[in-house]
Amino acid sequence: MIRFLDLHKINERYRKEIDESIKEVLDSGWYLLGKQNEEFCKNFAEYCGVKYAVGIANGLDALKLAIMALGFKQGDEIIVPSNTYIASILAISECGCTPVLVEPDINTYNIDADKIEAKITKNTKAILAVHLYGQTANMQKISQIADKYNLKLIEDAAQAHGAYHNGKRAGNLADVAGFSFYPGKNLGCLGDGGAVTTNNEELYNKIKALRNYGSHKKYENLYIGLNSRLDEVQAAVLNIKLKTLDTDNEYRRKIAKYYIENIKNEKIILPNYSNDHVYHIFTVRTEKRDELQQYLKENNIETLIHYPIPPHKQVCYNGKLGDSYPVSEKIHSTILSLPISPVLEMEEVEKVVEVINRF
Ligand SMILES: *Cc1c(COP(=O)(O)O)cnc(C)c1O
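Residues numbered from 1 in each chain as written. Predicted model: local features only at pLDDT ≥ 70, side-chain atom pairs only at ≥ 80, totals over all residues. Heavy atoms only, no water.

### Description of unusual backbone geometry
Across the chain, the bulk of peptide bonds are trans and the bulk of non-glycine residues have phi less than zero.
Moving on, step 1. Backbone torsion omega between His306 and Tyr307 reads 15°, so that peptide bond is classified as cis.
Moving on, step 2. With a phi close to 60°, Asn300 is a non-glycine residue in the positive phi region.
Moving on, step 3. A relative accessible area of 43% places Asn300 in the partly exposed class. (Buried < 20%, exposed > 50% of the residue type's maximum accessible area, 1.4 Å probe, protein only.)

The following block contains the structure:
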């Protein structure tokens with residue numbers, strides 16, 4: 001069986017170092033907001049090329065804290081792509097703001113910058129750009145729009161650790177960015193984890209307090225905050241894994257390139273290749289999606305769909321996100337994600353190509 005993602009195999013590569021550093025945390029007797037978190041935030045900020053990073057308990061909270069720190073209130077509108085993972089939209093709703101969905105570009109799967117202006121109203125306060133599947137959104141165009149309308153710009157970088165845009169890394173392309181270290185992400189820990197990055201000192205200090213009950217000093221509360229901190233065990237694991245993120249991403253690009261150069265089947269639409277892309281997810285598109293998935297399964301190849309139901313059709317939103325997103329619907333009904341990971345063998349990649357070319 002060619003697995004979509006083998007997390008055990010991914011983490012086994014660091015077995016010795018992880019064992020040692022978890023023991024170090026255990027022995028230290030200090031489990032939250034300690035040395036590991038401090039070190040990781042410093043290393044991750046440096047990696048992203050930003051001044052500050054704050055360790056958060058998960059990616060959803062990282063986005064939520066970014067929005068909270070910007071001080072938006074009930075009824076403020078935030079623009080977000082209509083085909084994103086639901087967490088980007090939940091972060092907006094959970095802050096009491098209104099998500100305003102904009103369709104993606106069918107070739108990049110990222111928000112179609114040309115469709116943003118039509119959705120701006122007097123209540124629009126920010127754009128939440130998502131770097132979906134590991135490719136940065138069209139940030140140049142999006143920041144021009146944000147500047148023109150005096151909007152804040154937020155990145156959802158949960159799928160794009162290490163991705164580049166004009167020489168700058170994801171996490172350094174907006175006012176503030178949210179990352180997730182969920183185990184399956186390009187940089188993943190052994191449970192939930194996340195981070196916020198920013199170059200703005202005021203936002204940095206506010207987020208540091210907000211993720212710690214709104215307190216910057218023990219038992220003094222400046223804000224109505226959350227309890228959402230990256231713990232020392234996860235930070236220790238991330239400090240180890242961050243060192244190989246670039247080589248892991250390089251290997252993902254090698255797989256992506258192989259798929260793109262060797263899949264030759266006119267029923268299948270491939271993504272573009274880019275050295276700036278970190279291929280968190282490698283998606284193909286076909287009108288025969290369900291048949292292709294079944295065929296691959298019969299040939300012992302596991303695939304997934306990112307994502308089967310568009311956000312505006314999710315029961316929890318009860319139609320409130322609007323009802324006409326034809327590009328999203330087309331993507332959701334035709335997309336399929338092929339196996340890709342730093343531990344997928346090239347022989348396995350060759351096998352996937354061979355089977356797809358016979359489909
Ligand atoms: C994973 C993910 C999130 C949420 O991160 P969690 O750590 O799972 O809360 C947010 N946005 C996108 C695009 C994601 O892929």
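So, next bit.
### Some thoughts on the pairing of strand β1 (residues 52-56)
Moving on, step 1. The buried fraction of β1 is high, at five of five residues.
Moving on, step 2. Neither face of β1 is open: one carries Tyr52, Val54 and Ile56, the other Ala53 and Gly55, and all of them are buried.
Moving on, step 3. Pairing of β1 with strand β9 (residues 194-198) involves five bridges; the strand directions are antiparallel. Residue Tyr52 lies in a different strand from β9, and its bridge partner there is Thr198. (Helix = DSSP H or I, 4+ residues; strand = E, 2+ residues; numbered from the N terminus. Pairing = 2+ DSSP bridges.)

### As for the packing of aromatic side chains
Moving on, step 1. Going through the model one piece at a time under the given rule, you end up with twelve aromatic pairs.
Moving on, step 2. Here the aromatic rings of Tyr85 and Tyr307 are separated by 5.2 Å at their centres, their planes lie at 35°, and the arrangement is tilted. Separated by 222 residues along the polypeptide, Tyr85 in the loop between β2 (77-81) and α5 (86-94) and Tyr307 in the loop between α10 (289-298) and α11 (326-334) bring together distant segments of the chain.
Moving on, step 3. Grouped by ring-pair contacts, the aromatic residues Phe40, Phe44, Tyr47, Phe179 and Phe181 constitute a single cluster.
Moving on, step 4. Cation over ring: Arg169 sits above Tyr47, and NZ or CZ is 4.0 Å from the ring centre. (Phe/Tyr/Trp six-rings, centres within 6.5 Å; stacked < 30°, edge-to-face > 60°. Lys NZ or Arg CZ within 6 Å of the ring centre and 35° of its normal.)

### Here's the deal with the site of the ligand
Moving on, step 1. Taken together, Asn58, Gly59, Leu60, Tyr85, Ala87, Ser88, Val130, Asp156, Ala158, Gln159, Ser180 and Lys185 make up all the residues around the ligand.
Moving on, step 2. Leu60 places a main-chain nitrogen or oxygen 2.9 Å from an oxygen atom of the ligand.
Moving on, step 3. Within the side chain of Ser180, an N or O atom sits 2.6 Å from an oxygen atom of the ligand.
Moving on, step 4. When the ligand is considered free in solution it has 380 Å² of accessible area, and contact with the protein chains removes 91% of it.
Moving on, step 5. Broken down by class, the residue content of the shell around the ligand amounts to five nonpolar, five polar and two charged. (Near = heavy atom within 4 Å. Polar contact = N/O pair within 3.5 Å; in protein donor to acceptor, adjacent residues only side chain to side chain. Areas by Shrake-Rupley, 256 points an atom, 1.4 Å probe, with all protein chains shown as cover. Nonpolar A, V, L, I, M, F, W, Y, C, P; charged D, E, K, R; others polar.)

### A word on a nonpolar patch on the surface
Moving on, step 1. Together, Leu26, Tyr31 and Leu32 give the surface a local cluster of nonpolar side chains, amounting to about 300 Å² of exposed area.
Moving on, step 2. If you trace the backbone, Leu32 turns up in the loop between α2 (15-28) and α3 (35-48).
Moving on, step 3. Classification of Leu32 as partly exposed rests on a relative accessible area of 37%. (Patch = residues over 30% accessible without salt bridge, like charges linked within 9 Å, V, L, I, M, F, W, Y side chains within 5 Å. Salt bridge = Lys/Arg side-chain N within 4 Å of Asp/Glu carboxyl O.)

### Overview of helix α9 (residues 245-262)
Moving on, step 1. With 18 residues, α9 ought to run about 26 Å at 1.5 Å a step, and its terminal C-alpha atoms sit 26 Å apart, in line with that.
Moving on, step 2. Looking only at α9, the buried set comprises Leu245, Asp248, Asn249, Arg252, Arg253, Ile255, Ala256 and Tyr259. Projected onto a plane normal to the axis of α9, the buried residues spread over an arc of 160° and lie on a single side.
Moving on, step 3. Here the buried face of α9 lies against α3, α8 (232-242), β12 (282-285), β13 (335-338) and α12 (346-358). (Expected span 1.5 Å × (residues − 1). Arc of directions from axis to C-beta. Contact = heavy atoms within 4.5 Å.)

### Here we look at the sheet that holds strand β8 (residues 176-180)
Moving on, step 1. The seven strands lie next to each other as β1-β9-β8-β5-β4-β2-β3, forming an open sheet whose pairing is mixed. Looking at the sheet topology across the chains shown, the edges are occupied by β1 and β3 (98-102). Between one strand axis and the next, the sheet turns through 25° on average, direction left out of account.
Moving on, step 2. Where β2 lies against β3, five bridges are found, and the strand directions are parallel. Bridge pairing links Ile78 to Pro99 in β3. (Axes fitted to C-alpha atoms, helices over the stretch in contact; angles between N-to-C directions.)

### Quick notes on the pairing of strand β5 (residues 152-156)
Successive residues of a regular strand alternate their side chains across the two faces of the sheet.
Moving on, step 1. The buried count for β5 comes to four of five residues, which makes it a mostly enclosed element.
Moving on, step 2. With five bridges connecting them, strand β4 (residues 124-130) and β5 associate as parallel partners. Each bridged residue has a counterpart across the sheet, and for Ala126 the counterpart in β5 is Lys152.
Moving on, step 3. Crossover handedness for the path β4 to helix α6 (residues 139-148) to β5: right-handed.
Moving on, step 4. Two elements, β5 and β8, share three bridges in a ladder whose sense is parallel. Residue Ile154 lies in a different strand from β8, and its bridge partner there is Val176. (Right-handed = clockwise from strand over helix to strand, strands pointing away.)

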